[in-house]
Amino acid sequence: MSYRNTRREFLRDLGISAAALPFILNLPSLAAAEEGRRKQRMIVMFSPDGVVPNTFWPDEVGETFTFKESLKPLEPLRDKTLVLHGVCDRVRGDGDNHMRGIGCLLTGVELFPGNIQGGSDTPAGWSSGISIDQEIKNFLQKDPATRTRFGSLELGVMVPERADTWTRMSYTGPNKPVAPIDNPYQLFTKLYGRAKDQENLKSVMDDLREDLDKVRAKVGAEDRQILEEHATLVREMEQELRASNDKGVGHAVPVLEPGVREDNDNMPKLSKLQIDLLVNSFAADFARVATFQYTNSVGQARMRWLDIQEGQHDLSHKPDSDTDAQDKLTRINQWYCSQLAYLAQRLAETPEPGGGGSLLDNTLIVWTNELGKGNSHTLDNIPFVLVGNGLGFKMGRSLKYPRVPHNRLLLSLAHGFGHRIDRFGNPDFCGDGPLPNLT
């Protein structure tokens, strides 16, 4: 048999309908068509309140550069790291910079007018567009070859329960923020706690599908259309069951340390639990897109494990002349960077199931922030530090751009997945297309 580039293309050329794809894509005779196609994944990691520029950004451009104090934990991952300076959030409109910083970070578009009053003259509401993580998730979920059980996962560490513009960065669409799961036990239940329910549901759906087929042959066109919508739902649920049940989860189900409360002083433990669960979920192919949010915009973590008693946001407002505050902010960002390094290392030491290399070889982590610098509330030079080889970017470099809109980086992420959109968010900031020099 002569195969096309993908099973999907082969079946399309045969005239097979999209409705039939879930039932035949996994036939052994077609499996060879996917052998050369690797999985691609992305994690967007967020930490708040800006950085200390002179202890964060490398002075050099290119492959020979020095990690400053804030980025020192990435030294063992130098050849897999890409530091982007000069990428700026150019989106304006309603809300203060903290609100626009997180609300426009992944959406690239203005906030709606609203009644949440921040530090500006104009209150604001939720973002008016979808976020890039959800855009990429939707793109992947449309193709049965890249569809996963959840599509995306939204995680957090000590994210406040309140829902407002400062606490949400992921959006499924305008006015549709996604709440991250910041309790590792809730995340564990989402990932692993549904086996018995799924078993019962499968038996119900087997009968339901047969009944729908019987009825479809006896009714008119309008009713058949309604039945087809029901059948589509059944097929989607069956896909989810197969994804979660076939051959188990692909790894030993993790055992969580019991009784870790959601408390400021437990942030290091909570972070490790969430990272380990995220890595396990990627190993099981539960999702290929994730966001990982530490606290929130205007986050007030008190990192007493670093011997820092003040809240992070309070420290971020101190002037540059306050050397004690600058040192503490540097150590705070170094701690966040150490969590990034731990996440990357866990991915690097986890073999790619069914393929060569590691999970990190097929995953890009994007570490970012809502501000470039806390005491000035600037949206220029938003930190974007990329780790991993998931999207084929040329890593091991420090790049500096001339104040380019971050929409262009969002486009680059989409294009890295093969999603060739020409605009994302506010089109005024997309005219020059994806960022140059990434590949």
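Here is a short report on the structure shown in this document. Computed from a predicted structure; not experimentally measured.

Calculation rules
Residues numbered from 1 in each chain as written. Predicted model: local features only at pLDDT ≥ 70, side-chain atom pairs only at ≥ 80, totals over all residues. Heavy atoms only, no water. Helix = DSSP H or I, 4+ residues; strand = E, 2+ residues; numbered from the N terminus. Buried < 20%, exposed > 50% of the residue type's maximum accessible area, 1.4 Å probe, protein only. Areas by Shrake-Rupley, 256 points an atom, 1.4 Å probe, with all protein chains shown as cover. Salt bridge = Lys/Arg side-chain N within 4 Å of Asp/Glu carboxyl O. Pairing = 2+ DSSP bridges. Axes fitted to C-alpha atoms, helices over the stretch in contact; angles between N-to-C directions. Contact = heavy atoms within 4.5 Å. Lys, Arg positive; Asp, Glu negative; His and termini not counted. Polar contact = N/O pair within 3.5 Å; in protein donor to acceptor, adjacent residues only side chain to side chain. Phe/Tyr/Trp six-rings, centres within 6.5 Å; stacked < 30°, edge-to-face > 60°. Lys NZ or Arg CZ within 6 Å of the ring centre and 35° of its normal. Parallel < 35°, antiparallel > 145°, perpendicular 65-115°, else oblique. Left-handed = near helix turned anticlockwise from the far one by under 90°. Nonpolar A, V, L, I, M, F, W, Y, C, P; charged D, E, K, R; others polar. 1 Å grid on protein atoms, 1.4 Å probe; cavity = no way out; pocket = protein on both sides within 12 Å on 5 of 7 lines; lining within 4 Å. Points joined across faces, edges and corners; volume = space filled by probe spheres on them.

A separate point is the overall build of the chain. The helix and strand inventory of the chain stands at 12 helices and 9 strands. Buried positions account for 54% of the 439 residues belonging to the chain. In the structure as shown, the chain presents an accessible area of about 18900 Å², 50% of it carried by carbon and sulfur atoms.

Enumeration according to the criterion identifies 20 salt bridges in this entry. In this structure, K272 engages D276 in a salt bridge whose closest nitrogen and oxygen atoms are separated by 3.0 Å. Here K272 and its partner D276 are both found in helix 9 (residues 267-283), 4 residues apart, which amounts to about one turn of the helix. Since its relative accessible area comes to 44%, K272 is described here as partly exposed. D285 is the partner of R288 in a salt bridge, and the nearest nitrogen-oxygen pair spans 2.9 Å.

Backbone hydrogen bonds hold the strands of a sheet together, and the pairing may be parallel or antiparallel. Pairing within the open sheet is mixed, and its 7 strands lie in the order 3-6-1-7-8-2-9. The open sheet has two edge strands with one neighbour each: strand 3 (151-157) and strand 9 (397-405). Here the strands of the sheet are splayed against their neighbours by 15 degrees on average, with no regard to which way each runs. Alignment of strand 2 (residues 81-88) against strand 9, held across 6 bridges, turns out to be parallel. Bridging from a neighbouring strand, H85 pairs with K400 of strand 9. Sheet strands in contact with helix 9 are strand 1 (41-46), strand 3, strand 6 (287-294) and strand 7 (363-368), and its direction is about 170 degrees off that of strand 6.

Below, the discussion takes up the side chain of D49. With respect to the element layout, D49 can be found in the loop between strand 1 and strand 2. Nearest to the buried, unbridged D49 among oppositely charged side chains is R162, at 10.0 Å. Within polar-contact distance, the side chain of D49 engages the backbone nitrogen of H313 at 3.5 Å. In contact with D49, other than residues within four places in its own chain, are H98, V298, G299, Q312, H313, S316, N369, E370, L371 and G374.

Let us now look at the packing of aromatic side chains. Between two aromatic rings, the relevant description is the distance of the centres plus the angle of the planes. Inspection of every chain in the model, using the stated rule, returns 12 aromatic pairs. Taken together, a centroid distance of 5.5 Å and an interplanar angle of 65 degrees make the contact between W335 and Y336 edge-to-face. Y336 carries the same exposure label as W335, and that label is buried. Here a set of aromatic residues connected by ring pairs shows up, and it is made of F292, Y294, W305, W335 and Y336. One cation-aromatic arrangement involves R78 over F65; the distance from NZ or CZ to the ring centre is 4.7 Å. The ring of F286 carries R149 above its face, with NZ or CZ at 5.2 Å from the centroid.

Our focus in this paragraph is helix 12 (residues 406-416). Counted residue by residue, helix 12 has 11 buried out of 11 residues, so it is predominantly covered. Restricting attention to buried positions, one finds in helix 12 the residues H406, N407, R408, L409, L410, L411, S412, L413, A414, H415 and G416. The inward-facing, buried residues of helix 12 abut strand 1, strand 2, helix 5 (132-141), strand 7, strand 8 (384-387) and strand 9. Positive backbone phi, at 85 degrees, marks G418, one or two positions downstream of helix 12.

Any two packed helices are characterised by how steeply their axes cross, that is the angle between the axes, and by the distance between the axes. In the contact formed by helix 9 and helix 11 (residues 323-348), the axes pass within 10 Å of each other and the chain directions differ by 30 degrees. When the axes of helix 9 and helix 11 are compared, the pair comes out roughly parallel. Crossing hand, helix 9 versus helix 11: right-handed. Residue-level inspection shows M267, P268, S271, K272, I275, D276, L278, V279, N280 and F282 of helix 9 in contact with helix 11, the latter providing W335, Q339, Y342, L343, R346 and L347. Partitioned by chemical class, the residues of the contact of helix 9 with helix 11 number 10 nonpolar, 3 polar and 3 charged.

Tracing the backbone through its elements, the reader meets H419 in the segment after helix 12. A residue is classified by how much of its surface remains accessible, and H419, at 14% relative accessible area, is buried. Only 2.8 Å separates the side chain of H419 from the side chain of E135, close enough to count as a polar contact. Ignoring anything within four residues of it in the chain, the contact list for H419 reads E135, F139 and A414.

Right, let's get into the environment of V87. With respect to the helices and strands, the residue V87 is situated in strand 2. For V87 and L409, which are 322 residues apart along the polypeptide, the C-alpha to C-alpha distance reads 7.9 Å. Other than its neighbours up to four places away in sequence, V87 contacts D380, N381, I382, F384, Y401, V404, H406, L409 and L435.

It is worth spelling out empty space enclosed by the protein at this point. In the structure shown here, the tally under the stated rule is 3 cavities of 30 Å³ or more. Taken as a whole, the largest cavity encloses approximately 80 Å³ of empty space. In terms of residue count, helix 11 provides more of the lining of the largest cavity than any other element does, 3 residues in total. Considering only residue class, the lining of the largest cavity consists of 4 nonpolar, 6 polar and 4 charged. For the second largest cavity, the calculated volume is near 40 Å³. E154, L155, R168, M169, S170, V178, P180, T291 and Q293 together form the lining of the second largest cavity. For the lining of the second largest cavity, the secondary structure elements donating two or more residues are strand 3 and strand 6. Along the lines of polarity and charge, the residues of the lining of the second largest cavity split into 4 nonpolar, 3 polar and 2 charged.

Attention now moves to unusual backbone geometry. For H377, which is not glycine, the phi dihedral falls at a positive 55 degrees. Take H377: it is sitting in the loop between strand 7 and strand 8. The residue N381 is not glycine, and still its phi comes out positive at about 50 degrees. By the element assignment, N381 lies in the loop between strand 7 and strand 8. On the accessibility criterion, N381 (25% relative accessible area) is partly exposed.

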